[in-house]
Amino acid sequence: MSEERILKSIAPPPGGWQRLVARRDAGRPDEGLRLPLMTAAVLALVAFLLRPQSPQEIQLPWNSARLLAQPSEGVGLQRVGGAQVTVIPSGDPRVRLYWIQPRTTPQGP
Amino acid sequence: MSGARGLSTPQWQELYQRLEKPLYNFAWRYVWSTPEAEDVVHDAFLQIWERRARILPETADRYLWVAVLNLSRKRRRWARTKQFLQIEASPFELAATDSVESEVAQGEEARRLHVEIERLPEALRSVLLLAEFGEMSYEEISQLLSIPPGTVASRRHLAVKQLRARTGSIR
């Protein structure tokens, strides 16, 4: 640099090299242990990913599973001629319930 | 310097002996604390040690300067965050208690210079300190900071002008 320096240089604290080497030797894992440690970490990850499904897992109810897994087939309709209709009380005024059953014909002995 | 890839332990030690003082001086003007500045320098040397197998000896200087610059900025940001959260005293107060070991931090002139360096924008401060302690040409500083050499020159000029105008004590 052609320009004159304007800031004074200060001396770093003595013993810096010894502290640096001590940090290097203390803070780093042994080179010989690096490969086994990495291998163990990879194996642990693989084991975690391949773990069997827990039996306590919440299962979908059969009906929900069917609704999710298969397309709707619609409601099967059956014409019932001369059926007997019984009105069943419903707790919801918007819902009407009927019990429909074929009228039984008396059978002769 | 050889062109071989990889940094040997003697080369690492030689780097430390050659660059400890300028890097320390640079970091000290960011963190204003002897242990913090030494930590920054040591962190940079430990980084280069970790990557020694992949580092070219001829680029190690540049790597260290970039590492110290980044680490200093990071520490400074963290210190300001702590100051904002009122966890710790401000860098000014830290430096005042740390001045025993530093001849620069003694006296009224040094204190004013310290305050004015603190007031410099980051863009001017980094250029000024690299020019002061990095023993680098404007071209080398421009490569380090990814800015044109002309910008380096103008920023350094502006930084010195501001310091002179505000302190009135710089030659």
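Residues numbered from 1 in each chain as written. Chains lettered and ligands numbered in written order. Predicted model: local features only at pLDDT ≥ 70, side-chain atom pairs only at ≥ 80, totals over all residues. Heavy atoms only, no water.

**Brief notes about the pattern of salt bridges**
Test applied: Criterion for a salt bridge: a side-chain nitrogen of Lys or Arg within 4 Å of a carboxyl oxygen of Asp or Glu. Numbering of helices and strands runs from the N terminus, with a helix taken as a DSSP run of H or I at least four residues long and a strand as a DSSP run of E at least two residues long.
What the rule picks out here adds up to 18 salt bridges over all chains. Of the charged contacts, one joins R23 of chain A and D43 of chain B as a salt bridge, the two residues approaching to 2.5 Å between their closest N and O atoms. Of the two residues, R23 of chain A sits in helix 1 (residues 16-27) while D43 of chain B sits in helix 2 (residues 34-50), which places them in two different chains. E122 of chain B is the partner of R73 of chain B in a salt bridge, and the nearest nitrogen-oxygen pair spans 2.5 Å. Within this pair, whereas R73 of chain B is found in helix 3 (residues 60-84), its partner E122 of chain B is found in helix 6 (residues 122-133), the two being separated by 49 residues in sequence. What you see here is one network of salt bridges that share partners, running through R23 of chain A together with E36, D39, D43 and R75 of chain B.

**Re the layout of surface pockets**
Over the atoms, a rolled probe matching the size of one water molecule traces out where space is still vacant. All names here are of chain B. Rules: Definitions used for this entry: grid spacing 1 Å over protein atoms alone; cavity, a set of points where a 1.4 Å probe fits but cannot get out; pocket, an open set with protein on both sides within 12 Å along at least 5 of 7 lines; lining residue, one with an atom within 4 Å of a point. Grid points are joined across faces, edges and corners, and a volume is the space filled by probe spheres set on the points. Classification convention: Asp, Glu, Lys, Arg as charged; Ala, Val, Leu, Ile, Met, Phe, Trp, Tyr, Cys, Pro as nonpolar; all other residues, Gly among them, as polar. The start and end points of each domain follow an automatic or database-based domain assignment.
Counted as a void, the largest pocket has a volume near 250 Å³. Looking at the lining of the largest pocket, the elements that each hand over two or more residues are helix 1 (9-31), helix 3 and helix 7 (138-145). Looking at the lining of the largest pocket residue by residue, the classes come out as six nonpolar, three polar and six charged. Counting contributing residues, the lining of the largest pocket receives three or more from each of domain 1 (1-99) and domain 2 (107-171).

**A closer look at the confidence of the model for chain B**
Residue and element names in this part refer to chain B. The condition is simple: pLDDT: the predictor's confidence for each residue, scored from 0 to 100. We call two residues contacting when some pair of their heavy atoms lies within 4.5 Å.
In the predicted model, chain B carries a mean pLDDT of 84, and 84% of its residues have values of at least 70. For the stretch residues 92-101, pLDDT sits under 50, and the model shows 18 contacts to residues farther than four places along the chain or on other chains. For this predicted complex, the interface score ipTM comes out at 0.79, while the overall pTM is 0.63.

**Examining the nonpolar core**
Applied cut-off: Among buried residues, the Ala, Val, Leu, Ile, Met, Phe, Trp, Tyr and Cys ones that are joined through side-chain atoms within 4.5 Å form a nonpolar core. Here the term buried applies to any residue with accessible area under 20% of the maximum for its type, exposed to any over 50%, and partly exposed to those in between, with areas from a 1.4 Å probe on protein chains only.
Counting 55 residues, the largest nonpolar core has F45, I48 and W65 of chain B as its most contacted members. Where this core is concerned, the elements lending two or more residues are helix 1 of chain A together with helix 1, helix 2, helix 3, helix 5 (107-119), helix 6, helix 7 and helix 8 (149-167) of chain B. Taken together, domain 1 (1-99) and domain 2 (107-171) of chain B each give at least three residues to this core, which thus spans both. Beyond its immediate sequence surroundings of up to four residues, W65 of chain B is in contact with L19, P22, L23, F26, L130, F133, G134, M136 and L144 of chain B.

**Observations concerning the environment of H42 of chain B**
Residue and element names in this part refer to chain B. Put simply, the rule reads: Definition of a polar contact: a pair of N or O atoms within 3.5 Å, with one able to donate and the other able to accept a hydrogen when the atoms are protein atoms, and with sequence-neighbouring residues admitted only if both atoms are side-chain atoms.
Position of H42 relative to the elements: it lies in helix 2. Sequence-wise, H42 and L23 are 19 residues apart; in three dimensions their C-alpha atoms are separated by 9.9 Å. Of the polar contacts made by the side chain of H42, one reaches the side chain of Y16; its length is 2.9 Å.

**Here's the deal with the packing of helix 5 of chain B against helix 8 of chain B**
Residue and element names in this part refer to chain B. Quick note on the threshold: In this analysis, axes come from line fits to C-alpha atoms, helices being fitted only over the stretch in contact, and the angle between any two N-to-C directions falls in the range 0 to 180 degrees. For this classification, under 35 degrees means roughly parallel, over 145 means roughly antiparallel, 65 to 115 means roughly perpendicular, and everything else is oblique. Note on convention: near helix rotated counterclockwise from far helix by under a right angle means a left-handed crossing. Clockwise means right-handed.
Where helix 5 meets helix 8, the closest approach of the two axes is 10 Å, and the angle between their N-to-C directions is 135°. For the element pair helix 5 / helix 8, the angle class is oblique. The element helix 5 and its partner helix 8 pack so that their crossing is right-handed. Touching R112, L113, E116, I117 and R119 of helix 5 are L163, R166 and T167, all from helix 8. Residues that form the contact of helix 5 with helix 8 fall into these classes: three nonpolar, one polar and four charged.

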